[in-house]
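# Inside the fold
If you want the building blocks of each chain, they are given just below.
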Amino acid sequence: MKRKIPIAEPEIGNEELTNVIEAVKSGWISSKGDFILDFEEKFSKYFGANFGISTFNGTTALHLALEALDVKTGDEVIVPTLTFIASANVVKYTGAKPVFVDSHPDYWCIDPTKIEEKITKKTKAIIPVHLYGHPCDMDAISKIAKKFDLYIVEDCAEAHGAEYKGKKVGSFGIINCFSFYGNKIITTGEGGMCITNDAELAEKMRMLRDHGMSSQKKYWHDVIGFNYRMTNLQAAIGVAQLEKLDKFVEKKRRIARIYNQSLKDVEGLELPPEMAWAKSVYWMYSILVTNNFGMNRDHIINKLVNSEIDSRPFFYPIHTMPPYKENTRYPIAEKISKEGLNLPSSVKLTDDDLERIVAVLHSCI
Ligand SMILES: Cc1ncc(COP(=O)(O)O)c(C=O)c1O
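The shown structure was predicted, so the numbers you read here are calculated from the model rather than taken from an experiment.

What follows concerns the packing of helix α1 (residues 14–26) against helix α7 (residues 232–243). Where α1 contacts α7, the two axes come as close as 8 Å, and the packing angle between them is 150°. Comparing the axis directions of α1 and α7 gives the class roughly antiparallel. The crossing of α1 and α7 is right-handed. Note on element contacts: α7 touches α1 through Asn 232, Leu 233, Ala 236, Ile 237, Val 239, Ala 240 and Gln 241, opposite Glu 15, Glu 16, Asn 19, Val 20, Ala 23 and Val 24. Within the contact of α1 with α7, the residues separate by chemical class into eight nonpolar, three polar and two charged.

Structure follows, in C-alpha cells:
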C-alpha cells in the first residue's frame, strides 16, 4: 500500500517533546510560564524586532494588531483579495471595512500599482500578505504608506524566513503578524505572534490580549480586551521549532528546486515565481494550470487523490464569497485562483514522494 502524501505535515521531534514534558511537569500549562517569555524574546530577536507578543493563533495576532492601532468602525483597510479569509475577517472584527486590491500577475501578492486608486480619507492601514511564502513588493507598499500616512501590518502567516531585498519579511510594518498553525513553516499547533519595535504598542497589545487588564492594578480594566493568550505548552513547542526554522526554510527551498527542475518543461504549467528581489520560502509549492495544459486543475486534483496524494486549490478571491461579495472584478486574482494548485510541500517529503507526485503530473499531460 502506498504512503498517503499529505499537503503539509509538521516535523515534531524530541526537542519539542522534551520542552512539553518540562512544561507539563512544571504545572505551568496555561498562559503563564517561562516558555512564553522565552519564545517571545527569541522569536522577535530572530526578526530583529524589540518586542514579541504571542497569541493563541495567527488570526488573533492580526486582530490584536489592528485593535492596538485603534482601527475601528468607519475606517478602511487595504487587503489583497487573494488571501486566506482571516486577513479580511480581522478587519471586520474591528468594525472597519476591508477594501480589496487585485494581485500582481508576476508574483501573485497584492499589486502595489493598484493600491492608490483604493485609498480614501478613511483608509488607515494596509495589510500586505506574503502569499504562499513569496514576499510582497515592500518598497512600493512602504512608499504608498508613507505618502498617505497609513500603517502597514504585514501578514506573515505563510512566510516565516522569507526575504525582501535581503531583509526578512516581518520587519517592514509597524506591527507584523505570524501564524503557527500545524501546516505553517514552524508550528505550535495553534499559535500566533505580533512583533514590533514600538514599546507603547507592545504594552497595549499585552494589555488587550489579557482582557484589557491594567498592568498597574490587578483586575482593573479600563477597556474591553480579549483572551488571546498563548499557552506555555504552545510556547514550549515554539521554542524548539524556532531552532529549526532556518533548516525548514532550506528544506522548503530544496523541495521547490526539485519540483522546478522536474516540471520546467511541461507546457501549460506556470511554476511559482521568485522575483529577483525575493527569497521565497515556498510555504506551499504552487503552480498555475493554464489552458495550454491538457487537463484542468480540478481534474489534476482528482488524479492526485487517486494516487493517494493530497493537494489544494488556491484560495477563492475574498470578494467572490458571500460575506464580502462585490460586483467589481479583480481579473488577475480571479485567474490565478482558478488555475492555482498547491502541491505537497511538507518538510517531511522524501525524494521518493516527490518522484511519485511529479510522475502523476506528467501522466496528466
Ligand atoms: C495569510 C493568512 N493569514 C492569516 C492566517 C490565520 O492564521 P491562523 O490559522 O493561525 O489563525 C492564515 C492561516 O491560516 C493565513 O494563511
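This next bit is on the site of the ligand. Surrounding the ligand, one finds 15 residues, the nearest of these being Gly 58, Thr 59, Asp 155, Glu 158 and Ser 179. In this structure, an oxygen atom belonging to the ligand sits 2.6 Å away from a side-chain N or O atom of Glu 158. A distance of 2.7 Å is found between an oxygen atom of the ligand and a side-chain nitrogen or oxygen belonging to Ser 179. Alone, the ligand offers 380 Å² of accessible surface; in the complex the protein occludes 92% of this. Residue contributions to the shell around the ligand peak at three residues, all from helix α3 (residues 58–68). Tallied by class, residues from the shell around the ligand come to five nonpolar, seven polar and three charged.

Reading guide: rules and limits
Residues numbered from 1 in each chain as written. Predicted model: local features only at pLDDT ≥ 70, side-chain atom pairs only at ≥ 80, totals over all residues. Heavy atoms only, no water. Axes fitted to C-alpha atoms, helices over the stretch in contact; angles between N-to-C directions. Helix = DSSP H or I, 4+ residues; strand = E, 2+ residues; numbered from the N terminus. Parallel < 35°, antiparallel > 145°, perpendicular 65-115°, else oblique. Left-handed = near helix turned anticlockwise from the far one by under 90°. Contact = heavy atoms within 4.5 Å. Nonpolar A, V, L, I, M, F, W, Y, C, P; charged D, E, K, R; others polar. Near = heavy atom within 4 Å. Polar contact = N/O pair within 3.5 Å; in protein donor to acceptor, adjacent residues only side chain to side chain. Areas by Shrake-Rupley, 256 points an atom, 1.4 Å probe, with all protein chains shown as cover.

So yeah, pure geometry; function would need other evidence.
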